[in-house]
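In case you want the letters, here they are:
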Amino acid sequence: MAQNNNRNNNGNNGKMSVEEAGRKGGEATSRNHDKEFYQEIGEKGGEATSRNHDKEFYQEIGEKGGEATSNNHDKEFYQEIGKKGGQTTSQNHDKEFYQEIGQKGGQRNSNNS
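Residues numbered from 1 in each chain as written. Predicted model: local features only at pLDDT ≥ 70, side-chain atom pairs only at ≥ 80, totals over all residues. Heavy atoms only, no water.

**Q** Mind showing me how you'd approach the overall build of the protein here?
**A** The number of helices and strands found in the protein is six helices and zero strands. Taken from the N to the C terminus, the helices and strands of the protein come in the order α-α-α-α-α-α. For the protein, the proportion of its 113 residues judged to be buried stands at 3%. When the accessible surface of the protein is split by element, carbon and sulfur atoms take 48% of a total near 9900 Å². (Helix = DSSP H or I, 4+ residues; strand = E, 2+ residues; numbered from the N terminus. Buried < 20%, exposed > 50% of the residue type's maximum accessible area, 1.4 Å probe, protein only. Areas by Shrake-Rupley, 256 points an atom, 1.4 Å probe, with all protein chains shown as cover.)

Below is the structure:
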């Protein structure tokens with residue numbers, strides 16, 4: 001038990017470490033707030049981030065996220081999420097949607113020739 005206290009207190013003479021305080025605060029917050037609270041603060045954070053950062057910022061973090069994902073997942077993972085995405089798209093869109101995106105793709109490809 002004393003060993004556990006030393007690990008949590010980091011030799012701070014009985015004072016709580018920053019890590020322990022953060023963990024306890026996070027646990028208390030999660031007990032006291034619901035899903036809507038987290039959605040609201042997430043939305044506010046996203047809006048603040050979009051005001052403070054430019055296109056290049058989002059390109060960079062997207063690239064980093066993509067690299068991390070590709071390092072942690074194999075071909076089967078991408079096949080599975082592609083299949084799920086295709087199924088969801090087909091449930092949410094009709095024949096005209098596919099005709100329109102097919103036409104756009106064809107136009108783009110003919111412009112690249």
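**Q** I would appreciate a short explanation of the pattern of salt bridges in the present structure.
**A** One side chain can pair with another of opposite charge once the charged atoms of both are near each other. One pass over the structure, following the stated rule, counts seven salt bridges. Among the salt bridges present, the one from Lys84 reaches Glu80, with a minimum N-O distance of 3.2 Å. You can see Lys84 and its partner Glu80 sitting in helix H5 (residues 75-92), four residues apart, about one turn around the helix. Among the residues examined, Lys84 registers a relative accessible area of 48% and is labelled partly exposed. Taken together, the shared-partner salt bridges in this structure form one network comprising Glu20, Arg23, Lys24 and Glu27. (Salt bridge = Lys/Arg side-chain N within 4 Å of Asp/Glu carboxyl O.)

**Q** Just checking my understanding: could you explain the packing of aromatic side chains for this structure?
**A** Describing an aromatic ring pair means giving the distance of the ring centres and the angle of the ring planes. Applying the stated criterion across every chain, the model contains four aromatic pairs. Judged by centre distance (5.1 Å) and plane angle (80 degrees), the ring pair of Phe37 and Tyr38 falls under edge-to-face. A relative accessible area of 36% places Tyr38 in the partly exposed class. Summarising the aromatic geometry, the rings of Phe57 and Tyr58 are spaced 5.1 Å apart at their centres and angled 85 degrees between planes, so their arrangement reads as edge-to-face. Judged by its relative accessible area of 26%, Phe57 is partly exposed. (Phe/Tyr/Trp six-rings, centres within 6.5 Å; stacked < 30°, edge-to-face > 60°.)

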